[in-house]
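# Structural overview for review
The lines below spell out each chain.
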There are 2 protein chains.
Amino acid sequence: MSTEVRTQQPLYLGIDGGGSKCRVVLMTADNQLLGEGLSGPANPLRGMQLVTESILDATGQALADAGLPRSTMAKLVVGAGLAGVNLPEYFQIFSAWQHPFASLHLTSDLHIACIGAHQGQDGAVLICGTGSCGLAAVNGRLLEVGGHGFPYGDNGSGAWFGLQLLQQVLCSKDQLIAPTLLTEMLQIELQSNDTLQLASHFMNASPTEYARLAPLVFTAAEQGDVVARQIVEQGAGHINAIAERLLTIQPAALCLIGGLAYKVEPYLAPAVRQLVVPPSQPPEYGAVWFARQASASAVETGTTE
Amino acid sequence: MSTEVRTQQPLYLGIDGGGSKCRVVLMTADNQLLGEGLSGPANPLRGMQLVTESILDATGQALADAGLPRSTMAKLVVGAGLAGVNLPEYFQIFSAWQHPFASLHLTSDLHIACIGAHQGQDGAVLICGTGSCGLAAVNGRLLEVGGHGFPYGDNGSGAWFGLQLLQQVLCSKDQLIAPTLLTEMLQIELQSNDTLQLASHFMNASPTEYARLAPLVFTAAEQGDVVARQIVEQGAGHINAIAERLLTIQPAALCLIGGLAYKVEPYLAPAVRQLVVPPSQPPEYGAVWFARQASASAVETGTTE
């Protein structure tokens, strides 16, 4: 297919904008992948300039990848799933963006993850990565659970696991509790056995920095560390509670997504585990589905584009 | 006593530099209060310029209060207890300050609190305010416990209580647990029953903002709320663990300091409570004691002034 023919058809851009990366895919109306792009953070919480730069950068890459001129941007029907836009103020800030696209349809990163995971069908997703949250979509109803942010929300997430680990280790360094394997592992990981250095390492640390410690908890638990095992059970309990809440609206299937998902899965309740299926497509493909659905319904409902 | 006579004697300035306020007292060699000053944050973690401005501002006030010219600064023997200087990097940064005093003797805010509380005698202090930490000073030995920062340290502190409250309430709003009195109280406090608003209120919140919620937990516990009671018992358990660790070096007395101290005290173990005495003098007076002791020993040990 030549570039000239391609640009006659509607073109869809799907954006998965997270706290650390922005992934986009460029697709035809009949679901053919034309190009891809990857750039930096695209979470409105990090500031609008950074986000829009990330989005435009990744979009430029995808157009170049497809052999299309940058001017094609004005013809793109765009679906964007962005972390943070579940907060009304960020949704508003972002909605006011003077974007260069034909239209921009905005939803949460969680929603596009669910749409992608179930190929546009109803279902539920539970993300257990740096953060934790879940969404179920059944018969037009969306139920979103958790994902309120660290440290007050995101229970059972990687950041949560890292925080529990650090709290325990600092208590052991102060001799308030007995040291366990966790103390030894953290000291090796951070190459320090000095309490003040361990603590100051995490002063103003991001959730991502806490989440990097999470695998240590699972490793220690597997090696029989009792404190680590307690943390794992408590964390998995949080994730299980989110899953059980999602199941109240009876999704047919549940996808677990995120770096810790496969570590937490064995600890979930049987009723939850029996609904687990592997995700079908990544979130940026879900964003394309969303753009297609939203632009179709926008004609009827008069949504601002 | 005239100003001329006063300035012939050594003059001591005691500084209590915390995260939100800087208090100073100006005293004679024979412990007479000449002047006082109060200014903004004096925690090196907030940046050196802000800290030094706060210190010089409060010092200027104390000199004016005493009817002494600003040039007297060059004659002051200064003791400063600053939050954060227990971290070596901040101790070094602060030690390098080209201060305008005759000499500056630096230690932690916790240390001067202990010296002041026990009027220069051995003893222990346990701070339970926005943060939590303890220090025991016995026969020249200093044992410092906790105070590593929020959210990974400062267990049982006001910030910790506020965080537990918020975590519970967000879980109840997500229908992961049943709502309790805490949910109702937080919604009234923040004038919102919207989950996203409650969560976004605490995005990037300071420990102080979390600590403001702490009294709600105690109020709910007193009214019989089971979840609140569990949080209080867990928090008091953390404070009790710090106290029991301090008692291992056998201080003769323990002072509880900070806005939550009197709320936590009833929940502490009998062995801890029987050592509790009211603090004798505030931290800035302890800083004067420290300056006096340190300047006396500096002559012998050759400490840089």
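Report follows, based on the coordinates.

Here is what the cut-offs are and how they apply
- Residues numbered from 1 in each chain as written.
- Chains lettered and ligands numbered in written order.
- Predicted model: local features only at pLDDT ≥ 70, side-chain atom pairs only at ≥ 80, totals over all residues.
- Heavy atoms only, no water.
- Helix = DSSP H or I, 4+ residues; strand = E, 2+ residues; numbered from the N terminus.
- Rg over C-alpha atoms; globule rule 2.2 N^0.38 Å.
- Buried < 20%, exposed > 50% of the residue type's maximum accessible area, 1.4 Å probe, protein only.
- Contact = heavy atoms within 4.5 Å.
- Areas by Shrake-Rupley, 256 points an atom, 1.4 Å probe, with all protein chains shown as cover.
- Least-squares fit on C-alpha atoms with pLDDT ≥ 70 in both.
- Salt bridge = Lys/Arg side-chain N within 4 Å of Asp/Glu carboxyl O.
- 1 Å grid on protein atoms, 1.4 Å probe; cavity = no way out; pocket = protein on both sides within 12 Å on 5 of 7 lines; lining within 4 Å.
- Points joined across faces, edges and corners; volume = space filled by probe spheres on them.
- Nonpolar A, V, L, I, M, F, W, Y, C, P; charged D, E, K, R; others polar.
- Phe/Tyr/Trp six-rings, centres within 6.5 Å; stacked < 30°, edge-to-face > 60°.

## Structural notes on the overall build of chain A
The number of helices and strands found in chain A is 13 helices and nine strands. Here chain A has a C-alpha radius of gyration of 21 Å; the compact-globule value for 305 residues is 19 Å, and the two agree. Each principal axis of the C-alpha atoms in chain A carries an extent, and together these give about 70 × 40 × 35 Å. Buried residues in chain A amount to 55% of all 305 residues. Counting only contacts in chain A whose residues sit at least 6 apart along the sequence, the fraction spanning at least 24 positions is 63%. Accessible surface, chain A as shown: approximately 12900 Å² in total, 49% of it carbon and sulfur.

## Some remarks on the relation of the copies chain B and chain A
Turning chain B through 180 degrees and shifting it by 0.1 Å along the axis lays it on chain A, with an RMSD of 0.1 Å. What the rotation and shift describe, once combined, is the action of a two-fold rotation axis. Closest approach to the rotation axis within chain B is made by the C-alpha atom of B:P151, at a distance of 3.7 Å. A shared binding surface is used by both copies, with 97% of the interface residues of chain B retained as interface residues in chain A.

## Describing the environment of A:I55
All names here are of chain A. Topologically, I55 is positioned in helix 2 (residues 48–65). Measuring from C-alpha to C-alpha, the distance between I55 and C22 comes to 6.6 Å, with 33 residues separating the pair along the chain. Beyond its immediate sequence surroundings of up to four residues, I55 is in contact with I15, C22, S39, A42, L82, F94, W97 and F101.

## Quick word on the pattern of salt bridges
Residues and elements named next belong to chain B. Per the counting criterion, the structure on display carries two salt bridges over all chains. Where R229 meets E233, a salt bridge forms, and the shortest distance between an N and an O atom there is 3.1 Å. With R229 and E233 both in helix 10 (residues 226–247) and four residues apart, the pair spans about one turn of that helix.

## Remarks on empty space enclosed by the protein
Under the defined criterion, the tally for this structure stands at four cavities of 30 Å³ or more. The computed volume of the largest cavity comes to approximately 100 Å³. Residue lining of the largest cavity: 14 residues in total, with A:G146, A:D154, A:N155, B:C171 and B:L176 positioned closest to the centre. For the lining of the largest cavity, a count of residues per class yields five nonpolar, seven polar and two charged.

## Some thoughts on helix 4 (residues 109–117) of chain B
All names here are of chain B. Burial of helix 4 is extensive: eight of the nine residues sit out of reach of the surface. Those residues of helix 4 not exposed but buried are L110, H111, I112, A113, C114, I115, G116 and A117. Backbone geometry just downstream of helix 4 places Q119 in the positive-phi region, at approximately 50 degrees.

## Topic: the packing of aromatic side chains
As enumerated under the stated definition, the model contains 13 aromatic pairs over all chains in all. Ring centres 5.4 Å apart and planes at 35 degrees place the aromatic pair A:F202 and A:Y210 in the tilted group. Each member of the pair A:F202 and A:Y210 is classed as buried. Relative to B:F161, the ring of B:W160 has its centre 5.1 Å away and its plane inclined at 90 degrees; by these criteria the two rings are edge-to-face. In this structure B:F161 comes out as buried when scored by relative accessible area, which is 0%.

## Observations concerning the layout of surface pockets
The computed volume of the second largest pocket comes to approximately 790 Å³. Along the wall of the second largest pocket there are 37 residues; nearest its centre are A:Q164, A:Q167, B:W160, B:Q164 and B:Q234. At the level of elements, helix 5 (158–173) and helix 10 (226–247) of chain A together with helix 5 (158–173) and helix 10 of chain B are the ones that each hand at least two residues to the lining of the second largest pocket. Taken together, the residues that form the lining of the second largest pocket break down as 16 nonpolar, 19 polar and two charged.

Purely geometric numbers; function is a separate question.
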